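Chains, contacts and geometry: an overview
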Amino acid sequence: MESIYNFSAGPAVLPREVLLQVQEELLDYQGSGMSVMEMSHRGVIINEIRDRAEASLRQLMNISADYEVLFLQGGATTQFAMIPMNLVRNGTADYVNTGVWSTKAMAEANQYLTVREVASSADQHFSYVPTVDPEQLNPEADYLHITTNNTIHGTVFSSLPKSGEVPLVGDMSSDILSKDYPVSEFGLIYAGAQKNIGPAGLTLVIVRKDLLGPLWPGTPLMMQYAVHAKKKSMHNTPPTFAIYLAGLVFDWLLEMGGLAEMERRNREKAALLYDFLDASSAFRGSVRVEDRSLMNVVFRLPETAQEQRFLAESAAAGLKTLKGHRSVGGMRASLYNAMPLAGVKALISFMKEFERTL
Ligand SMILES: *Cc1c(COP(=O)(O)O)cnc(C)c1O
C-alpha cells in the first residue's frame, strides 16, 4: 500500500489502528457471523455498541447526567435549523459571526427567530476571532451561538465568551475531542462526525436536559431533540456503522490518554507547523497569531501560480488534500487527532525543499 498523509478538512483521516480493527471485524463482528452493517438496530448488539459509544464519550468529555448525548443524522447543517426550532422561547438569539459556517447558521436560524449578530470578523475576511463584549449580549436571548473552530478560515476561540444565564451553543464540528472543553459551560454542543470523530453520516449533539421544552410549532418529530433522547437515538434507523466506528475512535482516544493528552499532541503538531511558517521567507500564515486553530492551519505563498505548483507537487509526494477552501484560497493543512506527528514533519520537510526552488 502506498503510504500517504491525508490533510483533508473533512471527511478526514481516521486512526489507522481503528481502521485495522474495523477491517478485522468487518465480516464477522465478534463471532456473530454478521457485519455490524447488516445488523438490526433493534437487536442487542447494536444497542450495546450505542450504549458503549455513549459511555466512552461521556468519560472522554466528562459529560454529566444533566446532558443528553444524541447520535443523529443530517450533518451540522441540519443543526443550524434544529437548534432554533428546539430552543426558541423569547424569539431572539445572539450569534458571533466568525465565517462561512456561522453565516450559514445565522441565515437558517433567521427563519425561526430574530438573529442578532453580536460580533463579527467579516471586516478582515474572518482572519481573526472578534472579542465578544458582554455588554453587547442580550440577557433575554434564547442562546448565544459560536463556531468554536473555524474550519475554513483556520481560527479558534481560545477562550469561551461568558454568556451568563444565556445557554452557550457551540458548533464544534472541527475541534470536538481535540482538547478538554468544559462541557458544563455549554447548553448545547454539536458536531458533524466527519472531521474529528468518524465517518460522515453521523452528527453528535450534546444538550442540557433542561433546554428540552417547547418547540417551534410544527417541528417534525425527527427534528425534536426530546424524541431522539427518549428513544436513545433510535427513533428511526440510526447510522449504525458510523456509531460503531465513532465508538472505536472514542475508545482509541481513551487508550491514547484522553483529551488532555490529545491537546498536548495537537499543540505540539500545530506549533511545529506555525513555527516553520513564522520563520519561512515564502510561506506565511494568514490568521491573527492569538486566534490560530490547532486543527486547520491555513497558509499562503506570495503568488497563486506558486500555490498551484505547491499543491500539485505536494500531492505527487503523498501529501494529499492541502488545497484551501475555495472561499479563502491558498493552502490548508488539517491536523486532526488522527494525523500523526510524522505527517506534520513530512509536510514541513517538503515545504522547506519547495522554498528552495522558488
Ligand atoms: C464541516 C462543517 C459544517 C458542515 O457540516 P455538515 O456535516 O457538512 O453539515 C458546519 N460547521 C463547521 C464548523 C464545519 O466544519
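Just so it is clear, the model here is predicted, and its values are computed rather than measured. (Residues numbered from 1 in each chain as written. Predicted model: local features only at pLDDT ≥ 70, side-chain atom pairs only at ≥ 80, totals over all residues. Heavy atoms only, no water.)

Our focus in this paragraph is helix α8 (residues 304-316). Helix length check: α8, at 13 residues, gives a terminal C-alpha distance of 18 Å against a target of 18 Å (1.5 Å per residue), a fit within 8%. Where α8 is concerned, the buried positions are Gln-306, Glu-307, Phe-310, Leu-311 and Ser-314. Relative to the axis of α8, the buried residues are bounded by an arc of 135° and lie together on one face. Across α8 from its buried face, at more than 90 degrees, point the exposed residues Ala-305, Gln-308 and Ala-316. On its buried face, α8 sits against β12 (296-300), β13 (319-320), β14 (331-334) and α9 (341-356). (Helix = DSSP H or I, 4+ residues; strand = E, 2+ residues; numbered from the N terminus. Expected span 1.5 Å × (residues − 1). Buried < 20%, exposed > 50% of the residue type's maximum accessible area, 1.4 Å probe, protein only. Arc of directions from axis to C-beta. Contact = heavy atoms within 4.5 Å.)

As a further point, take the packing of helix α1 (residues 16-25) against helix α6 (residues 240-256). One can describe the packing of α1 onto α6 by two numbers: an axis separation of 10 Å at closest approach and a directional angle of 135°. Here α1 lies oblique to α6, going by the angle between them. The way α1 lies across α6 gives a crossing that is right-handed. Taking contact as the criterion, the partners of Glu-17, Val-18, Gln-21, Val-22 and Glu-25 in α1 are, on α6, Phe-241, Tyr-244, Leu-245, Leu-248, Val-249 and Trp-252. For the contact of α1 with α6, the per-class residue count stands at eight nonpolar, one polar and two charged. (Axes fitted to C-alpha atoms, helices over the stretch in contact; angles between N-to-C directions. Parallel < 35°, antiparallel > 145°, perpendicular 65-115°, else oblique. Left-handed = near helix turned anticlockwise from the far one by under 90°. Nonpolar A, V, L, I, M, F, W, Y, C, P; charged D, E, K, R; others polar.)

Another aspect to go through is the environment of Leu-137. Structurally, Leu-137 can be placed in the loop between β4 (114-120) and β5 (144-147). Relative accessible area serves as the criterion here: at 14%, Leu-137 is assigned to the buried category. Along the sequence, Leu-137 and Ala-200 sit 63 residues apart, while their C-alpha atoms lie 34 Å from each other. Setting aside anything within four residues of it in sequence, one finds Leu-137 in contact with Asp-94, Arg-116, Val-118, Val-132, Leu-144, Lys-162 and Ser-163.

Taken together, the residues surrounding the ligand are Gly-75, Ala-76, Thr-77, Phe-80, Trp-101, Thr-147, Asn-149, Thr-151, Asp-171, Ser-173, Gln-194 and Lys-195. Between the ligand and the protein, one listed contact pairs an oxygen atom with a backbone N or O atom of Ala-76 at 3.2 Å. Contact distances for the ligand include 2.7 Å between an oxygen atom and a side-chain N or O atom of Lys-195. Computed on the free molecule, the ligand has an accessible area of 390 Å², of which 87% lies beneath the protein chains in the complex. A total of four residues in the shell around the ligand trace back to one element, the largest contributor, which is helix α3 (residues 75-87). Classifying every residue of the shell around the ligand gives three nonpolar, seven polar and two charged. (Near = heavy atom within 4 Å. Polar contact = N/O pair within 3.5 Å; in protein donor to acceptor, adjacent residues only side chain to side chain. Areas by Shrake-Rupley, 256 points an atom, 1.4 Å probe, with all protein chains shown as cover.)

All chains considered together, the criterion is met by 18 salt bridges. Close ionic contact of Asp-291 with Arg-288 constitutes a salt bridge, the shortest N to O distance being 2.9 Å. Judged by relative accessible area, Asp-291 falls into the buried class, the value being 5%. (Salt bridge = Lys/Arg side-chain N within 4 Å of Asp/Glu carboxyl O.)

Here the focus is unusual backbone geometry. Going from Gly-10 to Pro-11, the amide bond is cis rather than trans, its omega being -10°. Along the chain, Pro-11 falls in the loop between β1 (5-6) and α1. Positive phi values are uncommon outside glycine, yet Asn-62 reaches one of about 55°. Tracing the sequence through the fold places Asn-62 in the loop between α2 (44-61) and β2 (67-72). Here Asn-62 falls in the exposed class, since its relative accessible area comes to 65%. Phi at Leu-177 is positive, roughly 70°, even though this residue is not glycine. Tracing the chain through its elements places Leu-177 in the loop between β8 (168-171) and β9 (188-192).

All right, on to the sheet that holds β12 then. An order of β11-β12-β14 is seen for the three strands of this open sheet, with the pairing classed as antiparallel. Bordering the open sheet on either side are β11 (284-285) and β14, each of which pairs with just one other strand. As paired elements, β12 and β14 share four bridges and run antiparallel to each other. Residue pairing for β14: Phe-299 is matched across the bridge by Met-331. Strands in contact with helix α7 (residues 258-279) are β11, β12 and β14; relative to β12, the strand with the most contacts, it is inclined by about 15°. (Pairing = 2+ DSSP bridges.)

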